[in-house]
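Okay, here's what each chain looks like letter by letter:
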Amino acid sequence: MSSNGNAQHGCDSFEVRVLRQDAPGQPSYWCRYGVAYEPDMNVISVLQKIASESTTTDGQHTAPVAWDCNCLEEVCGDCTMLVNGRTRQACTALVDRLLKDNPEEIELRPMSKFPVVRDLLVERSRMFAALGRVKAWIPVDGYYELGPGPRQSQAQQQQAYPLTECMTCGCCLEACPQYTRIELERRDGESDADFSTQRNAAHDRGFVGAAAISQAMLFNDHPTGQMNAGERLDALTAEGGLQICGNAQNCVAVCPKEIPLTTSIARAGRATTLHAIKQWFDR
Amino acid sequence: MKLAELEIDVDLMSLTPVKRSHSVCAQGGINSVNDQTRQLGDSEYLHFDDTVYGGDFLQHQPPVDEMTLWAPKIIDLMDRLGVPFNRTPEGFRDQRRFGGTLFKRTAFAGATTGQQLLYALDEQVRRWESTGHVTKYEGWDFLGPVLDANGRCRGVIAQDLVPMEIRSFPADAVLVASGGCGLIYGKSTMSMACNGSAASRCVRAGVKYANGEFIQVHPTAIPGADKLRLMSESARGEGGCVWVPRTPQDPRPPLDIPESERYHFLEQRYPAYGNLVPRDIATRKIFNVCVNEGLSVEGDRQCVYLDLTHLSREMLDKKLGGILAIYEKFQGVDPRDVPMKIFPAVHYAMGGLWADYERTAEGRLAPASPTNQQTNVPGLFAIGECDYQYHGGNRLGANSLLSCIFSGLFVAPGVQTMLRSLSGGSAADQDASLYESHRAQHQQEHDRLLRRPGGGENPYVIHQQLGQTMTNAATVVRNNQQLRDARAKIEELAERTENCSLSDTGNWTNQNVVFTKALRDMFSLSRIILDGALARDECRGAHYKPEFDMPGVDAQDPAERLRQAEAWCDKFEQKNERWLKTTIATLDSQGQPQLSYEDVDTSLIPPRPRLYGLVGAEVIEQVWKERQEKKSAADPSGNTG
């Protein structure tokens, strides 16, 4: 097998360049690692090898590269990073294909729109907070037995299903020109609680982003979720809402699940306009 | 969310953001009897029966009975929470068939049902977070429970994985819902967070671990360098078939091999269930075809074809799009055009933390009893995969999502009952020194790990060796010599782990030390699995030792056949007498497992031989039935268990 793999890019090993950062606020720096080639590798297995060896190409011993991952099947969204400049999950970044595009090296960088915790590991709590902002849930009466949910057509299910596949990975936000990094510095003597209040407030003012807009539409489409559609539309028209979208359409291009994000955004645009007109008449 | 609904405040702790938990990987669906199957003769009782039969009768029956009775209500609830279940043209929920049953009992949302169910629950939790009832601690590592002088659980100690701060969390009840322990096997179908460390840390604190040796190996996984990815049973549920070329390692492309030269070994051997026999049976058959019959598709590794190419693309896209995309993404081949190559991989731990239940006279669970799901440590509960109660010797497909949601929903009123009458006061009444002493102990342990000189061992390399050792000895086929060798190897690896050098000794997002801690904790569960497997000299569910296999009846002469069947049934009865028991492991002061056995409550459905595909099954079944009838005539109460 390995001779087969060698034939594809012509060497027994390849180089990986990782943009590292020891902690928030610290300068970033590049480290270069040599990795022995094996068949069926992906970027996760490359990082596992680097973690296990932790020695750079010039023989320097370094702390292992930190990164996030969990499912390795591209359904949890955890291992999102920039691979050769492209935002994607590391688990589906297959080494054979990456080396075909660039036999010289593989370049790994952390996402740029979220604060770096360490190396390739970023802090994405803002994304989960955005789901709270748009009330991305069905406000059911409770968890007692109340019969089945509303009957739905196949067409409704087929419209909802792609939107429910959103794994909050952040690719759409990384690619969005309007989504900018919010990174706060802890003030002297600020407690954990105060710092997180400060951070949450900043997150609430920032752009809510394509993923959350699409989730708002998902729940507004649902026969039960619809009953609270107005609240979600209010959230989308508040500060940092839908109006920030510049229609660059990058989000839909990079979504690993091919979620029709721009369709959701367009529908959200119409719905918020109608909502605003209705509110004006209802005054 | 159920706890929050009962106005109980919850601190929710998880290694990963909860939305990224391993349940996202569950693909196929969730089982329950439904209006359609009911009219075909199905009932909650038959779902219960399939579950205990599939599990080889190793489960206590009341919890399973209760779970299957709740199943339709749970699907309704998930439907109300917005899970996009696939629909029929008329707008009802659609169902598919899964392994180990003859009914279309499985509701599904595309091929990402686990993801959809988890997201619906995550959304509800977020809703409770917005009201302040739930506080999330994501990116925290559970280091262990806090037990008071009387052995009651009073909270936990945990570590924030970014600044590495160790903190105590006082609590009146602690629920462990930490999933499986697949990482013990190195590569498995499980996620990277499934290292079993939370369960292991509970065991070290005195919680019993039950049926550890029962590990499900899923028949169909896709090989990979970093993990083995699941190919859901739903691929077979929708008509996918498993075959190998009749000519060993036939070099032709699979679609050029004519039908007459394809060996559909599952359909041939198990005509009733066909490709949908229970997982342990499919796995062993695939293993047997590859290893003993030498018919693996490839010469240098074991694999068979899982073929969907005869099915319509439109149907495949609609019902299996998600899982087919995974194969395509990771293998670079479209499974709609080319049969997939798959092989077995460690998938699920039937065993787990021992948990209790309170039985009613009718054989159900007493609602709102704090005994339900509680471990032997008062105040500490186990739910989900890390609890051992629901699947016995083997889990049926699409029953795990059910058991995890059921145990979570059902435990909450019991916790509420317990909170109303706390013995020894609440967590707030405890002496602060209780928490500080536990915290300090974990802090010292952590500091010691960072400071120790290290002997040059590499934790990642040791983990690989542990995985290989466990995979070779304690998966599809087990034999005692191999288990003993593995046991010795584990001790060697455990010792070497104590000489691991950390490549990172800092206190900021130190994944190196977290991994090393998890690795150390894997040895406790590894020992429990191996000791349990070594001791259990029989075949049951996923635990298969050829030495103790009971071959079927092969005589042609009717009298001889009957005699053989009688002998078979005698042996079966003796085997149940000895081994129809829960393995219970506790750790002694040296950290070594001590095994004991507990009787299984089989009072609702008398155990019977599991005869899927056994030669001479008809005559064994006949003899067995006659015996049961005689027994129930002798004992009119009907209690033959």
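The model shown is predicted, which means the values in this text are computed figures rather than measured ones.

Caption draft 1: Local environment of the overall build of chain B. Along the backbone of chain B there are 17 helices and 20 strands. Looking at chain B as a whole, 55% of its 641 residues are labelled buried. Within chain B, contacts between residues at least 6 apart in sequence are counted, and of these 74% link residues at least 24 apart.

Caption draft 2: Structural context of the environment of serine 232 of chain B. Residue and element names in this part refer to chain B. Within the secondary structure layout, serine 232 lies in the loop between strand S12 (229–230) and helix H7 (234–237). Note: C-alpha distance between serine 232 and arginine 154 (78 residues apart in sequence) is 40 Å. Ignoring anything within four residues of it in the chain, the contact list for serine 232 reads Gln27, Gly28, Ala111 and Ile323.

Caption draft 3: Local environment of helix H13 (residues 459–473) of chain B. Residues and elements named next belong to chain B. Helix length check: H13 (15 residues) gives 21 Å between terminal C-alpha atoms against 21 Å at 1.5 Å per residue, within 8%. Within H13 the residues assigned to the buried category are Pro459, Ile462, His463, Leu466, Gly467, Thr469, Met470 and Ala473. In a view along the axis of H13, the buried residues occupy a sector of 165°, so they form one face of it. Looking at the buried residues of H13, the elements they touch are helix H14 (480–497) and helix H15 (511–535).

Caption draft 4: Broad picture of the nonpolar core. Residue and element names in this part refer to chain B. In this structure, Val176, Leu353 and Phe381 are the most contacted members of the largest nonpolar core, which totals 251 residues. The biggest single contributor to this core is H15, with eleven residues. Residue contacts for valine 176: discarding those within four places in its chain leaves Ala198, Ala199, Cys202, Leu353, Leu380, Phe381, Ala382 and Cys386. The next biggest cluster of nonpolar side chains, apart from the first, holds six residues, and it includes Ala565, Trp568, Ile620 and Trp624.

Caption draft 5: A look at the domain arrangement of chain B. Residue and element names in this part refer to chain B. Assigned domains of chain B: these are domain 1 (219–346) and domain 2 (434–535). Summarising the inter-unit geometry, the C-alpha centres of domain 1 and domain 2 are found 35 Å apart. Residue-level contacts link five residues of domain 1 with four residues of domain 2. Residue assignment for the side of domain 1 that touches domain 2 shows that the elements contributing at least two residues are helix H9 (279–291) and strand S16 (340–349). Sorting elements by how many residues they give to the side of domain 1 that touches domain 2 places H9 first, with three residues. Its residues placed into classes, the side of domain 1 that touches domain 2 shows three nonpolar, one polar and one charged.

Caption draft 6: Looking closely at the sheet that holds strand S5 (residues 105–109) of chain A. Residues and elements named next belong to chain A. Strand order across the open sheet formed by five strands is S2-S1-S5-S3-S4, with mixed pairing between neighbours. Bordering the open sheet on either side are strand S2 (28–36) and strand S4 (86–89), each of which pairs with just one other strand. In this sheet, adjacent strand axes meet at a mean angle of 30° when their direction is disregarded. Summarising the sheet, strand S3 (residues 80–83) and S4 pair through four bridges and their orientation is antiparallel. Paired with leucine 82 across the bridge in S4 is threonine 87. Contacts between helix H2 (residues 43–53) and the sheet are confined to strand S1 (13–21), S2, S3 and S5, with S2 contributing the most and set at about 95° to the helix.

Caption draft 7: How the structure looks around the interface of chain A and chain B. Each side of the interface is counted separately: chain A has 54 residues, and chain B has 59 residues. Of all the secondary-structure elements, those providing two or more residues to the side of chain A that touches chain B are H2, strand S6 (116–118), helix H4 (125–133) and helix H5 (154–164) of chain A. Among the residues forming the side of chain A that touches chain B, the class breakdown is 25 nonpolar, 20 polar and nine charged.

Caption draft 8: How the structure looks around unusual backbone geometry. All names here are of chain B. Unusually for a residue other than glycine, aspartate 56 sits at a positive phi of about 55°. Tracing the chain through its elements places aspartate 56 in the loop between helix H3 (44–54) and helix H4 (61–80). Of the residues examined, aspartate 56 has 24 C-beta atoms within 10 Å and is grouped as buried. Positive phi values are uncommon outside glycine, yet alanine 368 reaches one of about 60°. Here alanine 368 is to be found in the loop between strand S17 (352–353) and strand S18 (380–382).

Caption draft 9: Main features of the pairing of strand S13 (residues 241–245) of chain B. All names here are of chain B. Most of S13 is tucked away: four of the five residues are buried. Sheet topology places S13 next to strand S14 (residues 262–263); two bridges connect them, and they run antiparallel. When the sheet's bridge partners are listed, valine 244 is paired in S14 with tyrosine 263.

Conventions and cut-offs
Residues numbered from 1 in each chain as written. Chains lettered and ligands numbered in written order. Predicted model: local features only at pLDDT ≥ 70, side-chain atom pairs only at ≥ 80, totals over all residues. Helix = DSSP H or I, 4+ residues; strand = E, 2+ residues; numbered from the N terminus. Buried ≥ 20, exposed ≤ 12 C-beta atoms within 10 Å, placed from the backbone. Contact = placed C-beta atoms within 7 Å. Expected span 1.5 Å × (residues − 1). Arc of directions from axis to C-beta. Core = buried A, V, L, I, M, F, W, Y, C linked by C-beta atoms within 7 Å. Domains from an automatic or database assignment. Nonpolar A, V, L, I, M, F, W, Y, C, P; charged D, E, K, R; others polar. Pairing = 2+ DSSP bridges. Axes fitted to C-alpha atoms, helices over the stretch in contact; angles between N-to-C directions.

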